[in-house]
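A closer look at the structure
Single-letter residue listing:
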Amino acid sequence: MAGEMVGGAFLSASLQVLFDRMTSLELVDFIRGKKLNIGLFKKLKIKLLSANSVLNDAEEKQISNSAVREWLNELHEAICDAEDLVDEINTEALRCKMEAEYGSSSSHQVLNLFSSSTTTSFNKQVEYKMVDILDRLEFILDQKDALGLKEGVQTRPSRRLPATSSVEESGVYGRNDDKEAVIKLLLIDNGSGDNMSVIPIVGMGGIGKTTLAQLVYNDERVKKCFDFKAWVSVSAEFDVFKIIKTITERVTSQTFFGHDLDLLQIKLEKALRERKFLLILDDVWNEDYFLWEEVKKPFQYGACGSKVIVTTRNESVASVMRNNVPSYQLPIVSNENCWKLFVKHAFNNVDPCAHPKLEEIGKQIVIKCKGLPLAVKSLGSLLRYQLNQQEWEKILESEMWELPEEKNYILPALWLSYQYLPSHVKRCFAFCSIFPKNYPINKEDLIKLWMAEGLLNCQKRKRMEEVGEKCFQYLLTRSLFQQSINWDRSICYIMHDLVNDLATFAAGEFFLSLDDIDSINLPSKIRHLSQVKEKRYDLKKYEVLIGAKYLRTCFLPSRCHDYTQLQSVAAKLLPTLTGLRVLSLRGCFIVELPDLIGKLKLLRYLDLSETDIVEVPNTICTLYNLQTLILSDCIQLKLLPSVIGRLINLRHLDISSTHLERMPLEMGKLKDLQTLTDFVVGKYSGYTIKLLGDLPHLRGKLCFSGLQNIVNVEDVLEAKLKDKKHLTELEFSWGFEEFVYYEKQMEVLDGLEPHTNLKSLKIKFYRGGQFSKWVGDDSFCNLEEIHLERCRECSMLPPLGKLPFLKQLRIMNFDGLVKIGDEFYGSGSSMTMPFQRLEFLLFSSMPVWEDWSFVSGDGVSFPQLKELVLEDCPKLTGGLCLPDTIEDVQITGCEKLEFSVQHCYGSLRRLLIQHSCYFMKSIALDYLPMLEVLSLRFCINLESLTFAEQLCPVVLSLTALHLRICPKFVAFPQGLHAPNMKVFEIEDCKNLRSLPEQMHILLPSLQSLSLTDCPELESFPECGLPSNLNMLRIYNCNKLFASRLQWNLQRLTSLTVLHIASIDEVVESFPEEGLLPTSLIHLNIQLVHHLRSLNGMAFQHLASLESLLISGCNELQLLPEEGLPPSLSDLSISKCALLKQRCQRDTGQDWHKISHIACIRIDNKHI
């Protein structure tokens, strides 16, 4: 098979989009109607076609030839100007169309894009710009021969040296866990019945996929498990004949000289028959399912248990090749292991302590590599034998593409991933350089930005958003994006720092992020400018942007608190940025927009979220290109523009978390609207809900509020919710009103019946006596999540058990619900097992709920339930009968409920009982074999943790135990053997007299022990605490503190943190010599009210101590004469009246004892 083609050149996609716009019927008709010089347009197209012919060659050469890269930048700038001109003509055509429909006005004339509205003036400006672009293009194209650029060059992937199966294991760090995980997949029977299974190892370039495969391939256990092994380096060229030939020759130890694929496959079939084999296919890029089917035909003849390991950067490749084993996503390497790798290559295994300055810089370089072994190795090799500190600092401060070419393997490795992207996806990827490193990217918002910038090719029968989704998936499956979790637990995406560098390199001189620089120096080619981190800024520097008419993207800094300056800069700046497609003022403290914002005629994306604007000016409705308008969290905003219907291209309107009073009457004219986050039914305007009937393309989530204002139910029916099959999330909310027409609310809910494609439903403040029949109807087979809240008049729940795919259910604040019975499960329906897919169930704030039939009349319910939350159900009685699938139980404020302690829950991993189950006296831990976290709080009658067996069994899974405010809890009568427990906290257990015996043996993994308000606890177990303990807190345990000389802490060599607090006894001196271990790093002494002095000799032995906090020790008079340890770098003293004056800078009597400490705080103030 011939070498596989790679995605086209970056600028090819720009040219294709430009050609499509230039040849559109609307533009051609407008040009003819305005009598523009069509010959100039034809000449422009010819010039651009000439440039397009050499783009593939130029893109390939730019990585090593800076002159070619500069040539590409000049060409890119000319293409940008041509795009701007075509956009301006299209916008003028659109303006003429809209004014013909709505009529012209003086304000429209003022806001015209050009200085005059006359055809002659318009034509002259267009022709002037066209001639200028043509002259520049001609000059640029004249240089292509001098640069050696050739036409018709097909882009092929860069070649890399094929990897072999050999590996130097001593040079690999931090991959042992990954190696064991893959070997486990190799050695187990997958149970699928297939003879051969595929294990894909997926990760970004340079992360170590090949190295991991080499480690696995050479492991002795693997060698013994398979009859034979073969390693094939596939790379870009997925040549079926070549791959099968290589494997055949390895298996048979014979050279094959023929060229017949059929004969070759037969030969391999015979060689593999009934033999268990392992194949490694390294660096695979092929996504063609049929090619893989051809390669794997002979593999089916191998013995059961045969395996193929595939290494690839692309999850799409993995999905084509794997049969039943999920991909192994290779994680980054820890900084600790990266440092070991760096030392090997940079210091040649010499102890780096011999060069402390270089060691410090080296560790910063390692952090910069963000866990990518190839980057660590590459930078380490650059610095090998190099002892010049300035050279190390130069590497630290350099960007990836600025490193010396001869040893820079990072850029070529990542460039290969870029080369394989289709040309239009390359543009989308380069745009991502606008975000700073580690920035959480929202997928939907990014796609809207791509749309606004014109980066998405229009396709027949596909929405632009769908094209953007496909582009995004290209980047995600090729490991250029990584999925992450945001602070609010929502899904976001990030780019590895080096991938961000790659995007910056690909973007060239056209993107600038101000997040990492302090001043603006605006290069002429800049088209995209951003500052998205939330800081305080000096806005005066932004005045340099005034008149930057070529700027397409502008993210002004959020959280700028100088309102006056910001309002002034915005008024001066915004009207001059007439080329903007994207403008974000998110989080800026502005209260109004200048009317002249209407001059931004090319604007397609406007983000005003989290601002204090009171109104949106009507001039915004002359921005006919606007696709996305974001007004979320504008809490001062009361109304939308009355003429909003003129935004004929608006597709996304986000008005979530605003205080809008009603919707404008022109909402129904937004025919292309895809996203409408909220619909507010205003007082005296309930009829506006019928406007939704004219918006057929709505999709995603829509929240209704103010439904109590609907007067005529017929208006609800005209909204046609039942026809909107793309709406997947709906929220219905009724507001409070004194006089409630219960029947009217029931009729409204009937009329709001949605399409059965609905996935999520939320109903709040509904005051009807019962729910509509459609709520719980089994025709809603796509419903996965339901939330019912504050439906105070409902005394019966709908038959939700009939919904076959319901996964999450939340029921809250049902004040009138007393009993949940068979009606909840949908008894009498055809479903044999109610709630058959439910995984999460929550009941909260149910003040009169007494009776719950946890099992339906027809048999077992909740067969897949994993998490149950019961909150504030004070009258609920009876015992829980939970399914064996349950993993997480949280019970709070359910005093009368009984939790069965005699039933074995084999899947339960987390149990929280708080202010609940007052009859419970003990819990048998051996009935909870998989329990990881146990939290028992305010269990007023709990006396002990026990075991059903006489002897204490091993509790393998338990990692954390929390006991708080259990006044009758006395002891652990049978001990506690939890070898994996790391956290142990006991608080306010007034009668606790002892800890579990033999903790040093039975709790070997314990790292943190916290004991608070246990007045009867007198001592630690006889043999002391576990040796791995690194944190110990003792608060208000006076009897225990009195026995401190028997603590034996000096043997705890891992103990680094010790907190002592709330001790009432008289303490003449603390700590006693030999009491504390030399490993201690952080020591807190708080509220030891009668502490008289610190033992200087004991402190001198604490050679590792870095942080010391002393608080609330009113009788402590002075610091020890011997001073504090020289290792101490952080000292905090608060609420110690006698010490405060003695420790003042320069003047205090004890200042000389602490002056060497870098950070000193007294009463929370630095001195």
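Calculation criteria
In every chain, residue numbers begin from 1 and rise along the written sequence. pLDDT decides what is reported in this predicted model: residues at 70 or higher carry local features, side-chain atom pairs at 80 or more are listed and counted, and totals for whole chains, interfaces and linings draw on all residues regardless. Hydrogens and waters are ignored; side-chain quantities use all the structure's heavy atoms. A run of H or I in DSSP becomes a helix once it reaches four residues, and a run of E becomes a strand once it reaches two; helices and strands are each numbered from the N terminus. What the globule rule says is 2.2 Å times the number of residues to the power 0.38, and the radius of gyration is computed from C-alpha atoms. Three exposure classes are used, based on accessible area relative to the maximum for each residue type with a 1.4 Å probe and protein chains only: buried under 20%, partly exposed in between, and exposed over 50%. Throughout, a contact is declared for two residues whenever any of their heavy atoms are within 4.5 Å. Pairs of cysteine sulfur atoms within 2.5 Å are what we label disulfides. When DSSP finds at least two bridges between two strands, those strands are taken to pair. The term nonpolar core refers to a set of buried residues drawn from Ala, Val, Leu, Ile, Met, Phe, Trp, Tyr and Cys, joined through side-chain atoms within 4.5 Å. Orientation is described by axes fitted as lines to C-alpha atoms, over the contacting stretch for helices, and by angles from 0 to 180 degrees between their N-to-C directions. Here, a salt bridge means any Lys or Arg side-chain nitrogen found within 4 Å of an Asp or Glu carboxyl oxygen. By this rule the span expected of a helix is its residue count minus one, scaled by 1.5 Å. Pairs of N or O atoms are called polar contacts if they sit within 3.5 Å, as long as, within protein, a hydrogen donor faces a hydrogen acceptor (for residues adjacent in sequence, only side-chain-to-side-chain pairs). Put simply, two rings from Phe, Tyr or Trp (the six-membered ring, in Trp's case) pair if the centres are within 6.5 Å, and we call them stacked under 30 degrees between planes, edge-to-face over 60, tilted for the rest. Both a distance and an angle decide whether a charge sits over a ring: NZ of Lys or CZ of Arg must be within 6 Å of the ring centre and within 35 degrees of the ring normal. Each patch is built from residues lacking any salt bridge and having more than 30% relative accessible area; the joining distance is 9 Å for like charges and 5 Å for nonpolar side chains (Val, Leu, Ile, Met, Phe, Trp, Tyr). Accessible surface is estimated by sampling points in the Shrake-Rupley manner with a 1.4 Å probe; for residues, cover comes only from the protein chains shown. When charges are counted, neither His nor the chain ends are considered; positive counts come from Lys and Arg and negative counts from Asp and Glu. Every charge is mapped onto a representative atom, which is NZ of Lys, CZ of Arg, CG of Asp or CD of Glu.

Identification of the protein chain as Disease resistance protein At3g14460 from Ziziphus jujuba is taken from an unreviewed UniProt entry.

What to know about the overall build of the protein chain
Looking only at helices and strands, the protein chain features 32 helices and 42 strands. For 1167 residues, the compact-globule formula gives about 32 Å, and the C-alpha radius of gyration of the protein chain, at 35 Å, lands near that figure. Its C-alpha atoms give the protein chain principal-axis dimensions of about 100 × 85 × 85 Å. Within the protein chain, the proportion of its 1167 residues that are buried is 54%. In the protein chain, of all internal contacts separated by at least 6 residues, the share reaching a separation of at least 24 is 63%.

A closer look at the state of the cysteines
With the rule as written, the count across this model stands at zero disulfides. No disulfide involves cysteine 1014; its nearest neighbouring cysteine sulfur is the one of cysteine 1037, lying 4.7 Å away. By relative accessible area, cysteine 1014 is classed as buried at 0%.

Here's the deal with the pairing of strand β1 (residues 196-202)
Of all seven residues making up β1, seven are buried, and the element is well covered by its neighbours. Here β1 shows a buried face lined by Met196, Val198, Pro200 and Val202 and a second buried face lined by Ser197, Ile199 and Ile201. Bridge count between β1 and strand β4 (residues 306-312): seven bridges; the pairing is parallel. Looking at the pairing, serine 197 lines up with lysine 307 of β4. Here β1 runs beside strand β5 (residues 328-329); their pairing, made up of two bridges, is parallel. Bridge pairing in β5 places valine 202 opposite glutamine 329.

Focus on the nonpolar core
One finds Phe732 and Trp852 to be the most contacted residues of the largest nonpolar core, which totals 200 residues. Ranked by size, the runner-up nonpolar core spans 128 residues in total, among them Leu40, Leu141, Ala346 and Phe505.

Details of the environment of aspartate 189
Mapping aspartate 189 onto the fold places it in the loop between α8 (176-187) and β1. Measuring from C-alpha to C-alpha, the distance between aspartate 189 and lysine 42 comes to 65 Å, with 147 residues separating the pair along the chain.

Quick word on unusual backbone geometry
Following phenylalanine 1070, the chain continues to proline 1071 via a peptide bond in cis, the omega torsion being -5°. With respect to the helices, strands and loops of the structure, proline 1071 is situated in the loop between β37 (1057-1067) and β38 (1082-1091). Phi is positive for serine 479, which is not a glycine, with a value near 65°. For serine 479, a relative accessible area of 10% corresponds to the buried category.

Some thoughts on the sheet that holds β1
Sheet strands pair via backbone hydrogen bonds, and the direction of the pair is either parallel or antiparallel. Pairing is parallel across the open sheet formed by five strands, whose spatial order is β2-β3-β4-β1-β5. Whereas interior strands pair on both sides, the edge strands pair on one side only; in this sheet they are β2 (228-235) and β5. In the sheet, strand β3 (residues 277-284) pairs with β4 via four bridges, with the strands oriented parallel. When the sheet's bridge partners are listed, leucine 281 is paired in β4 with valine 310. The sheet strands contacting α8 are β1, β3, β4 and β5, and the helix crosses β4 at an angle near 145°. The sheet strands contacting helix α9 (residues 209-217) are β1, β2, β3, β4 and β5, and the helix crosses β2 at an angle near 170°.

Digging into the pattern of salt bridges
With the rule as written, the count across this model stands at 61 salt bridges. Among the salt bridges present, the one from aspartate 87 reaches arginine 581, with a minimum N-O distance of 2.7 Å. Here aspartate 87 is found in helix α5 (residues 66-102), whereas its partner arginine 581 is found in the loop between α24 (563-573) and β11 (582-584), with 494 residues between them in sequence. Both residues of the pair, aspartate 87 and arginine 581, belong to the buried class.

Some remarks on helix α11 (residues 240-252)
Side chains that are three or four residues apart share a direction in an α-helix, a result of its 3.6 residues per turn. With 13 residues, α11 should reach 18 Å at 1.5 Å per residue; the first-to-last C-alpha distance of 18 Å fits that figure. Here α11 has its buried residues at Val240, Phe241, Ile243, Ile244, Thr246, Ile247, Thr248 and Val251. A side-chain oxygen of the first residue of α11 lies 3.1 Å from the backbone nitrogen of phenylalanine 241; this N-cap is aspartate 239. Following α11 by one or two positions, serine 253 adopts a phi angle in the positive range, close to 60°.

Observations regarding the packing of aromatic side chains
Taken as a whole, this structure holds 40 aromatic pairs when the rule is applied. Summarising the aromatic geometry, the rings of phenylalanine 277 and phenylalanine 299 are spaced 5.8 Å apart at their centres and angled 55° between planes, so their arrangement reads as tilted. Here phenylalanine 277, found in strand β3, pairs with phenylalanine 299, found in the loop between α13 (289-296) and β4; they are 22 residues apart in sequence, far enough to count as distant. According to the relative accessible area criterion, phenylalanine 299 is buried, its value standing at 0%. Note on tyrosine 289 and phenylalanine 290: the rings are 5.7 Å apart at their centroids and 75° apart in plane angle, and the pair reads as edge-to-face. When its relative accessible area of 64% is taken as the criterion, phenylalanine 290 is described as exposed. Through pairs of rings, three or more aromatic residues link up here, namely Phe824, Tyr825, Phe835, Phe843, Trp849, Trp852 and Phe862. The ring of tyrosine 217 is capped by lysine 229, whose NZ or CZ atom sits 4.0 Å from the centre of that ring.

Focus: the side chain of serine 1043
Relative to the helices and strands, serine 1043 is located in the loop between α29 (1038-1042) and β37. Classification of serine 1043 as buried rests on a relative accessible area of 13%. At 2.8 Å, the side chain of serine 1043 and the backbone oxygen of glutamate 1018 are in polar contact. Leave out the neighbours within four places in its chain, and serine 1043 touches Glu1018 and Ser1019.

Here's the deal with the sheet that holds strand β12 (residues 605-607)
Sheet architecture is open: eight strands sit in the order β8-β9-β10-β11-β12-β13-β14-β15, paired in parallel fashion. Edge positions in the open sheet fall to β8 (511-513) and β15 (675-676), since each of these has one partner strand only. Relative to strand β13 (residues 628-630), β12 runs parallel, the two sharing three bridges. By the bridge assignment, tyrosine 605 is partnered in β13 with threonine 628.

Thoughts on the pairing of strand β34 (residues 983-987)
Pairing of strand β33 (residues 960-964) with β34, which is carried by five bridges, proceeds in the parallel orientation. Pairing of histidine 962 across the sheet is with glutamate 985, part of β34. When β34 meets strand β35 (residues 1008-1012), the two strands line up parallel, connected through five bridges. Opposite isoleucine 986, over in β35, you have leucine 1011 as the bridge partner.

Remarks on a negative patch on the surface
On the surface, Asp135, Glu138, Asp142, Asp145 and Glu151 cluster together into a patch of negative charge. Among the structural elements, glutamate 151 can be located in the loop between α7 (119-142) and α8. Taking relative accessible area as the criterion, glutamate 151 reaches 54% and is therefore assigned exposed.

With respect to the environment of serine 1079
Tracing the sequence through the fold places serine 1079 in the loop between β37 and β38. Note on serine 1079: relative accessible area 14%, which makes it buried. With 24 residues separating them in the primary sequence, serine 1079 and leucine 1055 have C-alpha atoms 6.1 Å apart. Residue contacts for serine 1079: discarding those within four places in its chain leaves Leu1052, Thr1053, Ser1054, Leu1055, Thr1056 and Ser1104. One polar contact links the side chain of serine 1079 to the main-chain carbonyl oxygen of leucine 1052, over a distance of 3.4 Å. At 3.3 Å, the side chain of serine 1079 and the backbone oxygen of threonine 1053 are in polar contact.

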